[in-house]
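A structural walkthrough
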Amino acid sequence: ARDASSRTSAGFVRGARSGSPCCVSSRPQSSIQQSRRRRGEREARPMLSGAVERSRSVAASSAAADVSGGGEGSSAAPKASLLHAFWKFTRPHTIRGTILGSVALTSRVLLEHSDAIRWILLPRAFAGLVALLCANAFIVGINQIYDVRIDEVNKPYLPIAAGEMSQSTAWVIISTLGLIGLTIVHTLFGQHIALLYTLSLVIGAIYSVPPLRLKQRPLPAMACIVLCRGFLLNYGVNDAACAALGVPFEWKFPVAFITGFVTCFAVIISAAKDLPDVEGDKKENVQTFATWLGTGKVAMASVALLMLNYLVAMFLGMAQPDMFNSPVMVVGHMVLSFFLVNQATKLHHTGYSQQGIKGFYRFIWNLFYAEYFLYPFI
């Protein structure tokens, strides 16, 4: 039995090695599975190939769309950048002051002479506003051209200092705007207003342009700002509005008040504007009240002078009820004085830091805007 078993086992091993059917009974089933797998792979290849082609097509379309969109964006980006640079070049906070001032002054004249209003004068009024904005942009623009080295330290975000606008482009802009403004006033507003307008451009130029460059000395610099922002704007707009309506200009109490108030306010602005610029002004040897007396003293002196302005306004409101709207004069300026004291306290608590000084200067301009908001109602 052992010999038979040994022969059988040996035969099984030999059969397995030789591939005999008696020992690979599972092999036909395995072959069937493999053939089915290969047939499935052959059937799946066309589907997979189609999916890959569709995927490539979609990717190509998407890439083409991205390139197309990128092309549009790249062409639009320089235009948006140029417009943004131009907007910064005009110094928007001064633009707002000019618009508010001219609208408030004209509105007061219209309220006092409502019977003389003619809607045909509306385009002329709009042209006058455009001329004022052209003068504003000319004055601040020429200042940036000659203040590049100072602005690189004090205001590196301005377009010329930041390299967003070349000086040649800036010259083209201010020359064009100056000519547009002069053409408008000489054509539509007569010789007297044209003379005042031209005078403002000349003052704005000698403020910045060597050899005079009056901004280098504090008192002449203050005189330039006070004359342009204080007297010429308020008197000129009132006179032009009266002339357009065909009524004589008179120094009425409200007109005299706003001219005097804003002239005093211009003194404050001329001193406060240099508070954030001490570092660059010292570097370029530009003398200002801030470099001479220090930011803390100049800031507090500005607060005291503006508070005196508000006290005078409240006194006039109480003493001249026939000439002014007393509730608006008294309550309005009392509220503004409260905000001023609050802002001055915040500045003191910051230790007159650069950030605190910048916030204080922005707030001074907000108070300037607020005065023109009040003016038509006083």
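Note that this is a predicted model, so its numbers are computed, not measured.

**A closer look at the nonpolar core**
F265, L275, L306, Y310, L367, F368 and Y372 are the most contacted members of the largest nonpolar core, which totals 85 residues. Here this core gets twelve residues from one element, more than from any other, and that element is helix α14 (residues 354-374). With residues up to four places along the chain from it excluded, the contact list for Y372 reads G97, L100, G101, A104, L105, L233, N234, I258 and V262. With eight residues, the next largest nonpolar core counts V109, A116, L121 and A241 among its residues.

**Some thoughts on the packing of aromatic side chains**
Under the defined criterion, the tally for this structure stands at 16 aromatic pairs. Here a set of aromatic residues connected by ring pairs shows up, and it is made of F253, F257, F261, F265, Y310, F324, W365, F368, Y369 and Y372. Lying over the aromatic face of Y375, R108 brings its terminal NZ or CZ to 5.7 Å of the ring centre.

**Observations concerning the packing of helix α9 (residues 253-272) against helix α12 (residues 295-319)**
Describing two packed helices takes the angle between their axes plus the distance from one axis to the other. The interhelical angle for the contact between α9 and α12, taken along N-to-C directions, is 170°, at an axis separation of 9 Å. The pairing of α9 with α12 is recorded here as roughly antiparallel in orientation. In this structure, α9 uses F257, F261, C264, F265, V267, I268, A271 and A272 to contact α12, whose residues at the interface are V298, S302, L305, L306, N309, Y310, A313 and L316. A breakdown of the residues in the contact of α9 with α12 according to their chemical character gives 14 nonpolar, two polar and no charged.

**Focus on the pattern of salt bridges**
This structure, assessed with the given rule, holds eight salt bridges. Among the salt bridges present, the one from K88 reaches E164, with a minimum N-O distance of 2.9 Å. Remark: E164 occurs in the loop between α5 (148-154) and α6 (167-188) and K88 occurs in helix α2 (residues 27-89); sequence separation between them is 76 residues. In this structure E164 comes out as partly exposed when scored by relative accessible area, which is 37%. Where salt bridges share partners, they join R108, E112 and K252 into one cluster.

**Some details on the confidence of the model for the protein chain**
Counting all residues, the mean pLDDT for the protein chain is 84, and 79% of those residues have values of 70 or more. Taking the mean pLDDT of every element in the protein chain, the minimum, 42, falls on helix α1 (residues 2-18) and the maximum, 97, on α6. Residue range residues 1-32 is modelled with pLDDT below 50. Its contacts to residues more than four positions away, or to other chains, number five contacts. Per-residue pLDDT stays below 50 along residues 44-74; that stretch engages in zero contacts with residues further than four places along the chain or on separate chains.

Analysis parameters
- Residues numbered from 1 in each chain as written.
- Predicted model: local features only at pLDDT ≥ 70, side-chain atom pairs only at ≥ 80, totals over all residues.
- Heavy atoms only, no water.
- Core = buried A, V, L, I, M, F, W, Y, C linked by side-chain atoms within 4.5 Å.
- Buried < 20%, exposed > 50% of the residue type's maximum accessible area, 1.4 Å probe, protein only.
- Helix = DSSP H or I, 4+ residues; strand = E, 2+ residues; numbered from the N terminus.
- Contact = heavy atoms within 4.5 Å.
- Phe/Tyr/Trp six-rings, centres within 6.5 Å; stacked < 30°, edge-to-face > 60°.
- Lys NZ or Arg CZ within 6 Å of the ring centre and 35° of its normal.
- Axes fitted to C-alpha atoms, helices over the stretch in contact; angles between N-to-C directions.
- Parallel < 35°, antiparallel > 145°, perpendicular 65-115°, else oblique.
- Nonpolar A, V, L, I, M, F, W, Y, C, P; charged D, E, K, R; others polar.
- Salt bridge = Lys/Arg side-chain N within 4 Å of Asp/Glu carboxyl O.
- pLDDT = per-residue confidence, 0-100.

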